[in-house]
Structures are given as structure tokens and as C-alpha cells.
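Spelled out, the chains give:
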Amino acid sequence: MSMSIDSIIARLGGPEATARLTGVGTEAIRKWRQAQSIPSRHWPVIAQATGLSLTDLQPATSASDLSAAMTAGTSSTGSSMPHARPDGATAVLVLADGTLLWGKGFGAFSDTPSVGEICFSTGMTGYQETLTDPSFAGQIITFTFPHIGNVGINDEDAEANKIFARGLVIKEDVTEPANWRATAPLRNWLKTQNITGIAGVDTRALTLKIRDKGPQNAALFFPENGQFDHEALLAATKAWPGLEGMDLAKDVTCKKAYTWNDGVWSWPAGTVAPAGKRRKVVAVDYGAKRNILRCLVTAGCDVTVVPATASAKEILDLKPDGVFLSNGPGDPAATGTYAVAVIQDILKTGLPLFGICLGHQLLAQALGGKTYKLEQGHRGANQPVKDLDTGKVEITSQNHGFAVDAKSLPADVRVTHVSLFDGSNEGLASERYPAFSVQYHPEASPGPSDSFYLFERFVKLIDDHDASKN
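Residues numbered from 1 in each chain as written. Predicted model: local features only at pLDDT ≥ 70, side-chain atom pairs only at ≥ 80, totals over all residues. Heavy atoms only, no water.

(A) Representation of a nonpolar patch on the surface in the model. A cluster of nonpolar residues, V393, I395 and L420, forms a patch on the protein surface that exposes about 230 Å² of accessible area. According to the relative accessible area criterion, L420 is partly exposed, its value standing at 43%. (Patch = residues over 30% accessible without salt bridge, like charges linked within 9 Å, V, L, I, M, F, W, Y side chains within 5 Å. Areas by Shrake-Rupley, 256 points an atom, 1.4 Å probe, with all protein chains shown as cover. Salt bridge = Lys/Arg side-chain N within 4 Å of Asp/Glu carboxyl O. Buried < 20%, exposed > 50% of the residue type's maximum accessible area, 1.4 Å probe, protein only.)

This is the structure in C-alpha cells:
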């Protein structure tokens, strides 16, 4: 910048005055100092208050918000900066805006670049669960936590039978496993899954870029021959159509129906289902995480999973006591072209219905609401959500780039939960049907388990519905 961050803050009257002027907390001001960067959305008000020009507030190199220093084999460059590969760099992340982030590749070599939407996840645990979450299909994940690899990999923590993310970006070299449950190192697992990673990237700066400018297309490339064609990589990022309008549920769903019997893992029993009354639940798989199915079993359900494209007749022929709509990737409006009519037919039967994440968005559409793409997606295990019925705040696990437009919901649909980060919708309940849903992930994995009560609420809804028929 033409002026240091400290000088700008001093001109504004100090951290507290700067925070009041820009509408942020003093913790944000501390982070500005640490990152030596002020988010561009605050430039106009700062320029007006200080008399500085917008040019004065821009980074010294306008090609990229990221650090231009080439250290530890890592560099970040924009399209107007040299494309020279730093010593030791074996992989590159190319953003659609022309930014190049060099680093060290690990996992599988790339025959072709992995192209997807770049996002970041703030969870301090659960990289295996995150990578195998089908909701991350079509995305390259930046992990903000630096110690990735420290607990290794094990079969019990996988959320699907393979990795659905298109790649991962980390700061430090992969940590070797130091956990008694580990059965394989992260590096080896990535190779068997044909997934590429890049280490040595300034993930803090990359996260700030995504936070301030929103997600964008990116290409991750780790060629075995060490040859890079920067223009071709940039062209690949720009050619990818993006998640908006993309139906990915069909790509990640199961091919045929199956039953699920495992409960939530606990020591020393493992995943044994608890004894007691069972309710028959059909789970529609738009990209279901296994821990959702485990939670349903632990709450007292016998679960049959069906493909995303299952018809209402196929679902109802299984004689369920309730129907569950799972999480999943992609644009809910695109998946809704075939899913909404099915959900509407199920609603008309009066069967209890519970949805999570993409299932929440699809239920909202079926009830008359609309969805939209968020400026910033919610991903990580520390997201605060307020339950409007109880006033309690839950710390939740989340992974979504789209949301329900609460203003579009009809009068007989009640908002039940809201995000305390941005006020976006996090839950709804129908006043007409026994149906409710949440945007976040009450099954966690990774993340806190504050919200398991929602599975118990679903079971009670089933029991109350059964009792009403007698």
C-alpha cells in the first residue's frame, strides 16, 4: 500500500474509531494489521474520512491481493507479473482472475488440471470427513487450519466411499499421522483416490481474497513432468461453467437403493445401533453424508437410502414412517427441476419430512420458496446459528454456497433458524405439513454436536403422526 495500515488507522483516530467508522469489531482491525490489508469494501468510507484516494488504499501490486513475496518455494502472481516458477515449486493453483499460487504438490500427479470453485473451510478437525463429503463435489478446498494430516486416515471416518472434492490447498507440508485410529497417511490415501493437493500456499491471504471478492473458478495442477502452460491453465478456469445452474446430485447419488444399519461411532461399541423402537425412514440421497444416516439410526430409525432421482411412487412403495431429504452439492434450483415435484407429492401424503442442507433448499422450493447463491458460502465447524423458537445459539457445522430466500417463503412457512454471521436463513418449518429442515449439518462430522436434537425432533414427529392415526 502507499501508506502502511498502521498509518491509516492512526489517521482515522485509532483502532476503536476505525472500527466504528467501518462497522466492524476491533478484532477485525487487528487482523487488518496482521494481514497488512484492508478489505476493498471499506475503501470508500476510509477515503472519504481521511482524504486519501482509492489509489492510495490499493495494494502496491494491483495484479493480486496476495503477498508477492516468493518464500519457501511459494509465490503469488497476477497476470501482469512474471510466470517464472520459483525454485522447489512443483504445483500451481491458478485463479480465474489471473492469480498464480505456487507450491509443492502432493497426492496424485495431475494428467489434466483439476478445475472447480475455490472455497475455504474453517474447521480445525475433520479433513477426511470434509474431503469425502459429497457436498464438496465441484470444489477445491482451502483448509485454514495448518496441521493437515496429523490424524491420518481411517475407514470409519469417511463420509462416502471416495473423495468428492476436486483438490485441496494447505499451508504447511502434510503432517505425518500421530493417532491410534490411523490406518494410512493422508498422502497415500490421496494417491489411491487420484486427488491432488498443493502445500506451501499462503492460505490466510487466499482466504482473505475469497472472503473479500467471493469464490471463483480455479485450476490445480501437479504435473509429473514439471511442465506448466499458464495460459492454458487460466483458459481452463475461465471455461468451467461454475456451480450456478449445475445439478451435481445425479453425479454423487447412489446408483440403487440400499439399507443402512450403523449408528454413530462411540467408544468402545463402535457403530452398533442402539436397541429400542425403530421407525422406517426413507432417505433420499442427493449426496448424503454417512454420519447423517448414522444419526438417524442412533435416533431410532431403520434407514433405506434411495437415489436422488427416485419417484414419489418408488419412495412411498417402501411404506416409510417418514422421509428424509439429504445434503448434496450444486445448485438447488437445478436439482429442483426433478426433485421438487417428488417432494410435493410426498408432502401431500402427510408423512413427516426432514431435510438438511440441499434437502432444506429443495423443501423450501417445494413449499413455494426460492434459493440464491451466497456471496460467501458457509463452510466449517464453528458457525453460530440462532434457534428462534428457543433463543439458543448453536455452534454448527456447515457446507453450502446457496441459501433459501426467507422473503420468498409463503405465509404458512415459518423461519426457525438464522445465521448470526450474515442473517441468512438456516431453518424452516411448515405450518401446513409435518415438515421441517435446516441449512446446517446437525450430524456434524466434523464439528460440534449441539444440534443432534433435530434427529430426535424428527423421530418425535413420526411418533406423533403415528399416534394421530390411532
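(B) Looking closely at the sheet that holds strand β15 (residues 393-405). The sheet built from ten strands is open, its strands ordered β9-β11-β10-β12-β13-β18-β17-β16-β14-β15 with mixed pairing. Where the open sheet ends on each side, the last strands, each with one partner, are β9 (258-260) and β15. Averaged over neighbouring strand pairs, the angle between their axes works out to 25° when direction is ignored. Where strand β14 (residues 370-387) and β15 come together, eleven bridges link them in antiparallel fashion. Paired with T371 across the bridge in β15 is V404. (Pairing = 2+ DSSP bridges. Helix = DSSP H or I, 4+ residues; strand = E, 2+ residues; numbered from the N terminus. Axes fitted to C-alpha atoms, helices over the stretch in contact; angles between N-to-C directions.)

(C) Focus on the layout of surface pockets. Quantified by volume, the second largest pocket comes out at close to 550 Å³. Residue lining of the second largest pocket: 31 residues in total, with E129, D157, R181, S445 and P446 positioned closest to the centre. Those elements that provide at least two residues to the lining of the second largest pocket are α6 (127-132) and α11 (290-298). Here the lining of the second largest pocket gets four residues from one element, more than from any other, and that element is α6. (1 Å grid on protein atoms, 1.4 Å probe; cavity = no way out; pocket = protein on both sides within 12 Å on 5 of 7 lines; lining within 4 Å. Points joined across faces, edges and corners; volume = space filled by probe spheres on them.)

(D) Fine view of unusual backbone geometry. A cis amide bond, omega 5°, links S445 with the succeeding residue P446. Looking at the secondary structure, you find P446 in the loop between β18 (435-438) and α15 (453-469). Phi is positive for C357, which is not a glycine, with a value near 60°. On the basis of relative accessible area, C357 is assigned to the buried category, the value being 2%. We note that A444 has phi near 55°; this positive angle belongs to a residue other than glycine. Tracing the chain through its elements places A444 in the loop between β18 and α15.

(E) Structural context of the pattern of salt bridges. Taken as a whole and judged by the stated rule, the model has 18 salt bridges. The salt bridge involving R33 is made with D6; its shortest N-O contact spans 2.8 Å. Of this pair, R33 sits in helix α3 (residues 26-35) while D6 sits in helix α1 (residues 5-11); the two residues are 27 residues apart in sequence, bridging distant segments of the chain. Exposure remark for D6: the relative accessible area of 42% places this residue in the partly exposed category. Of the charged contacts, one joins R279 and D463 as a salt bridge, the two residues approaching to 2.8 Å between their closest N and O atoms. Of this pair, R279 sits in strand β10 (residues 279-285) while D463 sits in helix α15, and the two are 184 residues apart along the sequence. Classification of R279 as buried rests on a relative accessible area of 11%.

(F) Fine view of the confidence of the model for the chain. Looking at the chain, the pLDDT average stands at 89 and 93% of residues meet or exceed 70. When the criterion is pLDDT under 50, residues 60-82 qualifies, and its contacts beyond four places in sequence or with other chains add up to 53 contacts. (pLDDT = per-residue confidence, 0-100. Contact = heavy atoms within 4.5 Å.)

(G) View of the environment of F458. With respect to the helices and strands, the residue F458 is situated in helix α15. Expressed as a C-alpha distance, the spacing of F458 and A364, which sit 94 residues apart in the sequence, is 17 Å.

(H) Fine view of the pairing of strand β7 (residues 196-199). Here β7 shows two buried faces, one formed by T196 and I198 and the other by G197 and A199. Bridge analysis of strand β3 (residues 100-107) against β7 gives four bridges, and the strand direction is antiparallel. Looking at the pairing, G107 lines up with T196 of β7. When strand β6 (residues 167-169) meets β7, the two strands line up parallel, connected through two bridges. Each bridged residue has a counterpart across the sheet, and for L168 the counterpart in β7 is G197. As a crossover connection, the stretch from β6 through helix α7 (residues 186-193) into β7 is right-handed. (Right-handed = clockwise from strand over helix to strand, strands pointing away.)

(I) Broad picture of helix α8 (residues 203-213). Within α8, the full set of buried residues consists of T203, A205, L206, T207, K209 and I210. Elements in contact with the buried residues of α8: β2 (91-95), β3, β4 (114-121), β5 (139-143), β6 and β14. The positive-phi residue at the C-terminal boundary of α8 is G214, with phi of around 85°.

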